[in-house]
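Residue strings, one per chain:
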Amino acid sequence: MNNESLVCSIQLSQRLKELNVEQESLYYYYWFKRINQYFVYTKHEFYNYELDNYDNKKEEIPCDCSAFTIPELLFMLPTIITIKENEPFDLFTLHIEKTFLQNETLYIVNYRCNLPEDLKEDTIFNDNPLKSELIDDVIDESLTNALAQILISHLEGILINN
Amino acid sequence: MNIELQVCSLELSKRLKELGVKQDSLFYWDCNEEYYGHSSTNNNIITYGKNVYIPNHNHIFYSAFTVAELLDMLTPIVTIENDTPFNSFRLRFEKSFHVTNPDPENLEIKTIYIANYRCDSTAVAGEDAWLERTLTSNKVDENPANALAKMLIYLLESGLIK
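All chains use their own residue numbering, which begins from 1 and follows the written sequence. The naming scheme follows written order: chains are lettered A onward, ligands numbered 1 onward. For this predicted model, a pLDDT threshold of at least 70 governs which residues receive local features, and a threshold of 80 or more governs which side-chain atom pairs are given and counted, while totals over whole chains, interfaces and linings are taken from all residues.

Draft legend 1. Geometry of the overall build of chain A. The way it works is that DSSP assigns letters per residue, a run of H or I at least four long becomes a helix, a run of E at least two long becomes a strand, and they are numbered from the N terminus. The helix and strand tally for chain A stands at 6 helices and 7 strands. Going from the N terminus to the C terminus, chain A shows its helices and strands as α-α-β-β-α-β-α-β-β-β-β-α-α. Burial statistics for chain A: of 162 residues in total, 29% are counted as buried. Three exposure classes are used, all based on how many other C-beta atoms lie within 10 Å of a residue's own C-beta (placed from the backbone): buried at 20 or more, exposed at 12 or fewer, and partly exposed between those limits.

As structure tokens, this is what we get:
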């Protein structure tokens, strides 16, 4: 498993930065202008890279943004989201499922009502059943990207306004 | 976020190694009792790769698996031999909470992570109707990597994966 597979994509990372998420993380995206490509390094790794390439260094390599890992994103996501209706079915927590489709692993992420479905008497027969999930499921091959998408939705106010 | 919160604990790492899990990871617990000795309560450090910071001493490395690495090793579906059609279970990972102070005016909660496999079929009649079946007891920890490591240990000890 390489560094890139541990962190969310550059696009999602940049969006999180735009949304003022504190740029404090284990890994960061560095922009290598000469080869037009981003690489993911820890600060320590990047420092070693710079030392190794000191003589050939012809360009400034800026750190673009934080490249968040799963634990970092989990830490930033709220433990509980409460909506202002349908008490006691108003409390939602983060659920992650690992599944597959045609041999491809997928992660399904959402905030789900933390009371069991079977307590919701009207769930099946009511035309307007109580809400079980806050938003449509976020599905991605990368759990890091799925969590980043959920965090972006939360920061944009989509989770609570839905 | 400390690196200790991004990887599984030394105790769980040791157990995973005992169970034959391939020691191939980004981070390692570097146990060097000879050097760190008895004078320190923090005898072990986490290294990126098998870097030896203190040469000429015996180093014992244990893979300190990240959440992404543990999720990669956990199979999305576990099927047991008995109880058809209630024998197929899917991996679910939750960010949840437990109440540490139930006083409504000073309510305090602690964030926890829960790993388990949940049955993908439900009885429509009988005493188990609509109840969600799980493969085992919830594997719970404040560190997400530890919750997943406990689940992986359970699967290996039970022979449900090899």
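Draft legend 2. Spatial organisation of the domain arrangement of chain B. Residues and elements named next belong to chain B. What the domain assignment reports for chain B is domain 1 (3-65) and domain 2 (69-157). Whether two residues are in contact depends on their C-beta atoms, placed from the backbone: they are in contact if these lie within 7 Å. Of the residues lining the interface, 11 residues belong to domain 1; the matching set on domain 2 comes to 10 residues. Lys, Arg, Asp and Glu make up the charged group, whereas Ala, Val, Leu, Ile, Met, Phe, Trp, Tyr, Cys and Pro make up the nonpolar group; the residues left over, Gly among them, are polar. The residue makeup of the side of domain 1 that touches domain 2, split by class, is 7 nonpolar, 3 polar and 1 charged. Delimitation of the domains relies on an automatic or database domain assignment.

Draft legend 3. Layout of the interface of chain B and chain A. On the chain A side, the residues contacting the 29 residues of chain B number 28 residues. Sorting the residues of the side of chain B that touches chain A by element identifies α3 (67-73), β5 (88-101), β6 (108-119) and α4 (144-157) of chain B as the ones contributing at least two each. Class assignment for the residues of the side of chain B that touches chain A results in 18 nonpolar, 4 polar and 7 charged. The pairing criterion for strands is at least two bridges between them, as found by DSSP. Pairing of strand β5 (residues 91-101) of chain A with β5(B) involves 5 bridges; the strand directions are antiparallel. For A:E97, the partnering residue across the bridge sits in β5(B) and is B:R92.

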